[in-house]
Amino acid sequence: IDFDLILENIKDLNSLVGEGISQIEHTPRGARLRRPEPLPVILYQNGIVVGHGAFRPYQHPGTQQCLQDILDGYFPSELQPRYPDGV
């Protein structure tokens, strides 16, 4: 597994979705600027943890698909329904 490429692609994906850019959040009394909550991805020698989810070994097909999406430069398909604009 090419961890350097995974990290580089995650940085690229973060910049595409506007990492560090605030969004307008409408409130009952007006509006305020809000930064989107990040979704941590923790890489281990033998697996990953995405968000606050469970540990997933690299041999698991869902983990392999997630990493392949990132290696291909795409936002992981498993996260698209929950985060249609990226995270």
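For every chain, the first residue of the written sequence is number 1, and numbering continues from 1 onward in sequence order. For a predicted model such as this one, the threshold for reporting local features is a pLDDT of at least 70, and the threshold for listing and counting side-chain atom pairs is 80 or more; totals across whole chains, interfaces and linings nevertheless cover every residue. The side-chain figures draw on all heavy atoms in the structure; neither hydrogens nor water molecules are used.

A. Representation of the sheet that holds strand 3 (residues 41-43) in the model. In this description, strands pair whenever DSSP reports at least two bridges between them. Think of it this way: any DSSP run of H or I at least four residues long counts as a helix, any run of E at least two long counts as a strand, and we number them from the N terminus. Strands sit in the order 3-4-5 across an open sheet of three strands; the sheet is antiparallel. Of all strands in the sheet, those with a lone pairing partner are strand 3 and strand 5 (56-57), marking the two edges. Relative to strand 5, strand 4 (residues 47-50) runs antiparallel, the two being bridged by two bridges. When the bridges of strand 5 are listed, isoleucine 48 appears paired with arginine 56.

B. Region of the structure containing the confidence of the model for the chain. For the chain, per-residue confidence averages 87 on the pLDDT scale, and residues scoring 70 or more make up 94% of the total. Values of pLDDT, which run from 0 to 100, indicate the predictor's confidence residue by residue. Mean pLDDT values over the elements of the chain span from 84, in strand 1 (residues 23-27), up to 96, in strand 5.

C. How the structure looks around the pairing of strand 1. As judged from the five bridges shared by strand 1 and strand 2 (residues 30-34), these two strands associate in the antiparallel manner. The residue of strand 2 that forms the bridge with isoleucine 24 is leucine 33. The antiparallel pairing of strand 1 with strand 2 creates a hairpin that spans two residues between the two strands.

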